[in-house]
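# Structural overview
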Amino acid sequence: MRRTPENALLRGPRVLLRQWRPDDRGPLAELNADPVAMQHFPAPLTRSESDALADRIEAHFDMHGFGPWALEIPDVAEFAGIVGLMHVGFEAHFTPAVEIAWRLAPALWGKGYVSEAAHCAFDYGFQALHLSQIVAFTIPANLRSLAVMQRLGMHTDVQDDFLHPRLPVNHPYRMHRLYRMDRQAWLTRACS
């Protein structure tokens with residue numbers, strides 16, 4: 001099993017991205033069942049669907065040594081959500097690719113936690129993993145996530161918008177906006 005070493009846990013001034021613990025599955029299931037947290041996804045997840053997601057996250061860590069970490073906000077929330085990097089699991093014009101993704105408890109929205117945690121994940125992806133590019137995507141109506149992508153310095157081009165291949169043809173959330181960050185742009189931004 002290849003796991004992110006304990007000393008590779010990612011820390012920001014207010015956030016900690018850490019390995020998963022068995023007791024994170026309950027709070028993850030609560031987050032995935034929350035209709036507000038899941039408003040820009042096809043549907044909230046049942047407990048078994050959430051556990052299957054946790055299994056996929058663990059398998060990704062085992063296979064690649066990285067994945068979406070559990071987000072902890074010390075003195076605020078032991079489990080606040082997930083933020084991290086994952087290989088895109090479908091074929092599209094921009095794959096193969098590694099995406100950055102996040103999901104945060106709604107009570108903690110608007111405080112900059114996701115941006116801070118995503119910054120840590122970018123640093124890890126570009127400096128430790130030497131990725132050449134990281135992507136992110138969501139539906140155009142997900143203004144909060146799009147704002148995070150923009151704050152992180154990611155860029156988009158309307159020609160990169162795509163129809164998510166895992167959603168039915170007439171699904172209202174099928175159209176997705178793609179954002180990109182390449183390694184050199186991130187390193188230049190980090191040094192300025």
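Small disclaimer: the values here were computed from a predicted structure and weren't measured.

This part covers the overall build of the chain. Helix and strand content of the chain: five helices and nine strands. Reading the helices (α) and strands (β) of the chain from amino to carboxyl end gives β-β-α-α-β-β-β-α-β-α-β-β-β-α. For a compact globule of 192 residues, the expected C-alpha radius of gyration is about 16 Å, and the chain comes in at 16 Å, within 12% of that figure. In the chain, which comprises 192 residues, the share counted as buried stands at 47%. Entry remark: accessible area of the chain is about 9800 Å², with carbon and sulfur atoms responsible for 54%. Here the chain contributes 19 positive and 21 negative side-chain charges, whose respective centroids are spaced 3 Å apart.

The next point concerns the packing of aromatic side chains. By the definition in use, this model includes twelve aromatic pairs. Taking the centre distance of 5.4 Å and the plane angle of 90° together, the rings of Trp69 and Tyr124 count as edge-to-face. With Trp69 in strand β3 (residues 68-73) and Tyr124 in helix α3 (residues 113-128), this pair connects stretches of sequence that are 55 residues apart. Per residue, the accessibility class of Trp69 equals that of Tyr124, and both read buried. On the numbers, 6.4 Å between centres and 35° between planes, the contact of Phe126 with Trp186 is tilted. Pair noted here: Phe126 is in helix α3 and Trp186 is in helix α5 (residues 183-191), with a separation of 60 residues, a long-range link.

Attention shifts here to helix α2 (residues 47-64). The terminal C-alpha atoms of α2, which comprises 18 residues, lie 26 Å apart, in line with the 26 Å expected from a rise of 1.5 Å per residue. Among the residues making up α2, those that are buried are Ser50, Leu53, Ala54, Ile57, His60 and Phe61. Angularly, the buried residues of α2 cover 115° about the axis, an arc narrow enough to put them on a single face. Opposite the buried face of α2, by more than 90 degrees, sit the exposed residues Ser48 and Met63. The secondary structure elements touched by the buried residues of α2 are α1 (25-33), β3, β4 (77-87) and β5 (98-104). Gly65 sits one or two residues past α2 and shows a positive phi near 85°.

Looking at the chain as a whole, the pLDDT averages 94, with 95% of positions reaching at least 70. Confidence drops under a pLDDT of 50 for residues 1-8, and excluding neighbours within four residues, the segment shows 20 contacts in the predicted structure.

Relative to the helices and strands, Gln133 is located in strand β6 (residues 133-138). The contact partners of Gln133, leaving out residues within four places of it in the chain, are Val98, Phe126, Arg180, Met181 and Asp182. There is a polar contact of 3.0 Å between the side chain of Gln133 and the side chain of Arg180.

Taken as a whole and assessed by the stated rule, the structure comprises eleven salt bridges. With a closest N to O distance of 3.9 Å, Arg25 and Asp51 form a salt bridge. Taken together, the residues Arg25 in helix α1 and Asp51 in helix α2 connect sequence positions 26 residues apart. Judged by relative accessible area, Arg25 falls into the buried class, the value being 18%.

Rules of the game
Residues numbered from 1 in each chain as written. Predicted model: local features only at pLDDT ≥ 70, side-chain atom pairs only at ≥ 80, totals over all residues. Heavy atoms only, no water. Helix = DSSP H or I, 4+ residues; strand = E, 2+ residues; numbered from the N terminus. Rg over C-alpha atoms; globule rule 2.2 N^0.38 Å. Buried < 20%, exposed > 50% of the residue type's maximum accessible area, 1.4 Å probe, protein only. Areas by Shrake-Rupley, 256 points an atom, 1.4 Å probe, with all protein chains shown as cover. Lys, Arg positive; Asp, Glu negative; His and termini not counted. Charge placed at Lys NZ, Arg CZ, Asp CG, Glu CD. Phe/Tyr/Trp six-rings, centres within 6.5 Å; stacked < 30°, edge-to-face > 60°. Expected span 1.5 Å × (residues − 1). Arc of directions from axis to C-beta. Contact = heavy atoms within 4.5 Å. pLDDT = per-residue confidence, 0-100. Polar contact = N/O pair within 3.5 Å; in protein donor to acceptor, adjacent residues only side chain to side chain. Salt bridge = Lys/Arg side-chain N within 4 Å of Asp/Glu carboxyl O.

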